[in-house]
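# Architecture at a glance
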Amino acid sequence: NAGVMQNPRHLVRRRGQEARLRCSPMKGHSHVYWYRQLPEEGLKFMVYLQKENIIDESGMPKERFSAEFPKEGPSILRIQQVVRGDSAAYFCASSPPNGRDGYTFGSGTRLTVV
Amino acid sequence: QKEVEQDPGPLSVPEGAIVSLNCTYSNSAFQYFMWYRQYSRKGPELLMYTYSSGNKEDGRFTAQVDKSSKYISLFIRDSQPSDSATYLCAMRGQGGSEKLVFGKGTKLTVNP
């Protein structure tokens, strides 16, 4: 039973380019959460999605960031026109519908903006 | 006041020591409490998961929750060098699948 799969593991983008981060939840998990971790900081919530629905996006920056979890395929976190301040580790977590037993995290995507 | 406060350390102990890690929180709606371990450049790994107040033990790890004081703890007995990592507390409310709110994490080093 594969865990939460994130790709790519490392992503380098030039300022102004777009970054696409992918997350496939654990089998049987229908809820996906995206978190961002800056150096020496804890994990900050960004967005919570279920299939074809954004449930809570209260942690998403108002501009340039978007997320989706389509009926088929992985969840995508998209960052348009990246800036240096977007450099961080982005983690995806998934949970079953009842949210019990905690949330399982992927290994993350480390985005570097040059 | 931040929702979740955690001393970032760093904390350095000798092998075999008992380690105590703590978090305080301000939101009385939090009902589920978790501890995650994160090795350098890896994703967080769930260690302990508790509901409401009380204790939970799993091997060398014990989690305690005191909701009246809004205080949670993780104890590690007989600490090992392999326990060296950052420990993150996390918590959420009663809803079926709500977002987790994390502390900043405490960096622990266990010296052989």
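All of the points below concern the structure found in this document. Being a predicted model, the structure only gives us computed values, none of them experimental.

Looking now at the sheet that holds strand S6 (residues 54-58) of chain B. All names here are of chain B. In spatial order, the strands read S1-S3-S8-S7-S6; together these 5 strands make up an open sheet with antiparallel pairing. Because the sheet does not close on itself, it has two edges, and the strands there are strand S1 (4-6) and S6. If you compare each strand with its neighbour and ignore which way they point, the axes differ by 15° on average. Pairing of S1 with strand S3 (residues 19-25), which is carried by 3 bridges, proceeds in the antiparallel orientation. In the sheet register, Gln6 faces S3, and the bridge partner there is Cys23.

Turning our attention to the pattern of salt bridges. All names here are of chain A. Applying the stated rule across the entire model yields 5 salt bridges over all chains. Note that Glu18 and Arg20 form a salt bridge whose closest N and O atoms lie 3.0 Å from each other. Classification of Arg20 by relative accessible area gives partly exposed; the value is 34%.

The volume enclosed by the largest pocket comes to roughly 760 Å³. Around the largest pocket sit 28 residues that line it, and A:Gln37, A:Leu38, A:Pro39, A:Glu40 and B:Thr86 are the ones nearest its centre. Elements that contribute at least two residues to the lining of the largest pocket include exactly strand S9 (88-95) and strand S11 (109-113) of chain A together with strand S9 (85-92) and strand S11 (106-111) of chain B. For the lining of the largest pocket, the class distribution of residues is 11 nonpolar, 10 polar and 7 charged. Put simply, the second largest pocket is a space of about 300 Å³. Lining the second largest pocket are 16 residues, with A:Leu43, A:Lys44, B:Val4, B:Val101 and B:Phe102 sitting closest to its centre. Every element with two or more residues in the lining of the second largest pocket is listed here: strand S5 (43-50) of chain A together with S1 and strand S10 (101-102) of chain B. For the lining of the second largest pocket, a count of residues per class yields 7 nonpolar, 3 polar and 6 charged.

Attention shifts here to unusual backbone geometry. The step from A:Asn7 to A:Pro8 runs through a cis peptide bond, and the omega angle for that step is -5°. When you line up the elements, A:Pro8 lands in the loop between strand S1 (5-7) and strand S2 (10-13). Omega for the peptide link from B:Gly9 to B:Pro10 comes to 10°, which places this bond in the cis form. On the secondary structure map, B:Pro10 appears in the loop between S1 and strand S2 (11-14). Backbone geometry places B:Ser52, a non-glycine residue, at a positive phi of 60°. Along the polypeptide, B:Ser52 turns up in the loop between strand S5 (45-51) and S6. B:Ser52 gets classed as partly exposed once you look at its relative accessible area, which sits at 23%. Positioned with a positive phi, B:Lys70 is a non-glycine residue whose angle comes to about 55°. With respect to the helices and strands, the residue B:Lys70 is situated in the loop between strand S7 (61-66) and strand S8 (71-76). Since its relative accessible area comes to 26%, B:Lys70 is described here as partly exposed.

Parameters and conventions
Residues numbered from 1 in each chain as written. Chains lettered and ligands numbered in written order. Predicted model: local features only at pLDDT ≥ 70, side-chain atom pairs only at ≥ 80, totals over all residues. Heavy atoms only, no water. Pairing = 2+ DSSP bridges. Helix = DSSP H or I, 4+ residues; strand = E, 2+ residues; numbered from the N terminus. Axes fitted to C-alpha atoms, helices over the stretch in contact; angles between N-to-C directions. Salt bridge = Lys/Arg side-chain N within 4 Å of Asp/Glu carboxyl O. Buried < 20%, exposed > 50% of the residue type's maximum accessible area, 1.4 Å probe, protein only. 1 Å grid on protein atoms, 1.4 Å probe; cavity = no way out; pocket = protein on both sides within 12 Å on 5 of 7 lines; lining within 4 Å. Points joined across faces, edges and corners; volume = space filled by probe spheres on them. Nonpolar A, V, L, I, M, F, W, Y, C, P; charged D, E, K, R; others polar.

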